[in-house]
Amino acid sequence: MKAKAEWRIMGVVNTTPDSFSDGGRYLDPAAAVAHGLKLAEDGAAILDIGGESTRPGAEDVPLEMELARTLPVIEGIRQKGCKAEISIDTRKPDVARAAVAAGAAIWNDVTALTFSPESLDAAASLKCDIVLMHAQGDPKTMQKAPRYDDVVEDVYAYLAGRVEACVKAGVGEERLILDPGIGFGKTLEHNLDLLAHLDRFRALGRPVLLGASRKRFIAALDRDGPASDRLGGSIAAVLAGYVRGASIFRIHDVAETRQALGVFSAIDGRQ
């Protein structure tokens with residue numbers, strides 16, 4: 001299968017105390033801004049700013065707290081003249097509106113615009129790009145015995161339905177990006193099936209985003225330990241996704257992933 005030549009890295013900037021990988025490291029806005037600038041320097045074309053953890057078991061964050069965590073970071077990065085696009089990782093339309101006003105160009109929603117009845121209208125009015133992600137359940141419940149008839153076809157049907165709902169609400173189809181939601185209401189086998197069949201989602205005609213960086217399924221295939229020890233597995237998932245047509249990769253370890261993708265795609269382009 002011939003891989004696509006173009007790819008972009010989305011660097012993760014978590015401004016939360018409880019994210020699974022780096023919770024608390026970038027809670028201070030100045031630290032988060034510095035981290036985002038470093039990720040951009042390392043090769044991130046997009047910086048994904050999040051103020052509410054969506055790890056399994058995470059609690060909801062009040063609106064005002066999420067705004068206080070994310071807006072100073074977006075504004076700080078923009079004030080530094082950083083060329084990377086900014087994405088706001090949020091379920092809340094009010095956060096998305098404020099983030100876009102502050103300089104964000106992408107709304108990354110793990111609920112695919114289902115969290116609020118206002119989400120679709122907000123997405124239509126904002127005119128930014130939208131990441132629609134699949135998740136079964138919410139962060140509190142999603143890893144409690146997730147079930148599918150066929151995980152690939154079920155996730156495909158869900159995302160197809162969300163694309164249809166977005167277009168009907170006035171969201172331009174050309175603004176949509178699709179994410180199968182690795183680790184969001186999926187067992188190890190579900191995650192592996194989705195990774196093995198990412199090419200299925202290309203039939204929806206939109207870019208596919210893969211967010212597998214440092215996730216627990218890697219430890220399940222190797223050995224348990226800190227999330228920061230999962231670099232090798234994260235890169236393996238990225239390369240597997242690349243050859244199956246994913247073109248945007250949400251990543252913690254930007255420099256290493258950029259190098260791996262650069263070498264791999266150069267070799268692949270010789271075929």
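Here, every reference points to the structure presented above.
Predicted model, so just to flag it, every value in this text is computed and none were measured. (Residues numbered from 1 in each chain as written. Predicted model: local features only at pLDDT ≥ 70, side-chain atom pairs only at ≥ 80, totals over all residues. Heavy atoms only, no water.)

A. The side chain of S234, seen in detail. Relative to the helices and strands, S234 is located in helix 8 (residues 231-243). Owing to a relative accessible area of 3%, S234 belongs among the buried residues under this scheme. When near neighbours in sequence (up to four residues on either side) are disregarded, S234 contacts A212, S213, R214 and I218. (Helix = DSSP H or I, 4+ residues; strand = E, 2+ residues; numbered from the N terminus. Buried < 20%, exposed > 50% of the residue type's maximum accessible area, 1.4 Å probe, protein only. Contact = heavy atoms within 4.5 Å.)

B. View of the environment of V163. With respect to the helices, strands and loops of the structure, V163 is situated in helix 5 (residues 151-169). Apart from the residues within four sequence positions on either side, V163 is in contact with L132, E173, L176 and L178.

C. Quick look at the nonpolar core. Counting 67 residues, the largest nonpolar core has W107, I130, L132 and F201 as the members making the most contacts within it. No other element matches helix 5, which puts seven residues into this core. Sequence-distant contacts of F201, defined by excluding residues within four places in its chain, comprise V152, V155, Y156, L159, P180, L194 and V208. Of all hydrophobic cores here, the second largest spans seven residues; its members include M10, I106, V131 and I248. (Core = buried A, V, L, I, M, F, W, Y, C linked by side-chain atoms within 4.5 Å.)

D. Focus on helix 9 (residues 254-268). Relative to the 21 Å expected for 15 residues at 1.5 Å per residue, helix 9 spans 20 Å between its end C-alpha atoms, a close match to the ideal helical length. Where the residues of helix 9 are buried, they touch strand 1 (8-14), helix 1 (29-42), helix 8 and strand 8 (248-251). (Expected span 1.5 Å × (residues − 1).)

E. Looking closely at helix 1. With 14 residues, helix 1 should cover 20 Å at 1.5 Å per step; its first-to-last C-alpha distance of 20 Å lies within 8% of that length. Listing the buried residues of helix 1 in full gives A32, V33, H35, G36, L39 and D42. Lining the buried residues of helix 1 we find strand 1, strand 2 (46-50), helix 2 (63-79) and helix 9. Directly after helix 1, the chain includes G43, whose backbone phi takes a positive value near 125 degrees.

F. Representation of the environment of P207. Structurally, the position occupied by P207 is in the loop between helix 6 (188-196) and strand 7 (209-210). Given the relative accessible area of 25%, P207 is considered partly exposed.

G. Molecular detail of the packing of helix 8 against helix 9. Here helix 8 crosses helix 9 at 35 degrees, and the two axes come no closer than 10 Å. Two packed elements cross with a definite hand, and for helix 8 against helix 9 that hand is right-handed. Counted together, L231, I235, V238, L239, Y242 and V243 of helix 8 and E256, T257, A260, L261, F264, S265 and D268 of helix 9 form the full contact between these two elements. Within the contact of helix 8 with helix 9, the residues separate by chemical class into nine nonpolar, two polar and two charged. (Axes fitted to C-alpha atoms, helices over the stretch in contact; angles between N-to-C directions. Left-handed = near helix turned anticlockwise from the far one by under 90°. Nonpolar A, V, L, I, M, F, W, Y, C, P; charged D, E, K, R; others polar.)

H. Spatial organisation of the packing of helix 3 (residues 93-102) against helix 4 (residues 119-126). Two numbers describe how helix 3 lies on helix 4: the axes approach to 9 Å, and their chain directions differ by 15 degrees. It follows that helix 3 is roughly parallel to helix 4 by the angle criterion. For the crossing formed where helix 3 meets helix 4, the hand is left-handed. Across the interface between the two elements, P93, A96, R97 and V100 of helix 3 pack against S119, A122 and L126 of helix 4. Split into classes, the residues belonging to the contact of helix 3 with helix 4 amount to five nonpolar, one polar and one charged. (Parallel < 35°, antiparallel > 145°, perpendicular 65-115°, else oblique.)

I. Region of the structure containing the pattern of salt bridges. Summed over the entire model, instances satisfying the criterion amount to 14 salt bridges. Among the salt bridges present, the one from E85 reaches R8, with a minimum N-O distance of 3.1 Å. Of the two residues, E85 sits in strand 3 (residues 85-89) while R8 sits in strand 1, which places them 77 residues apart along the sequence. We classify E85 as partly exposed; its relative accessible area is 29%. Taking the shortest distance from any N to any O, the salt bridge between R97 and E118 comes out at 3.7 Å. Linking R97 in helix 3 with E118 in the loop between strand 4 (106-109) and helix 4, this pair joins segments that are 21 residues apart in sequence. When salt bridges that share partners are traced, they join E52, D60, E66, R91 and K92 into one network. (Salt bridge = Lys/Arg side-chain N within 4 Å of Asp/Glu carboxyl O.)

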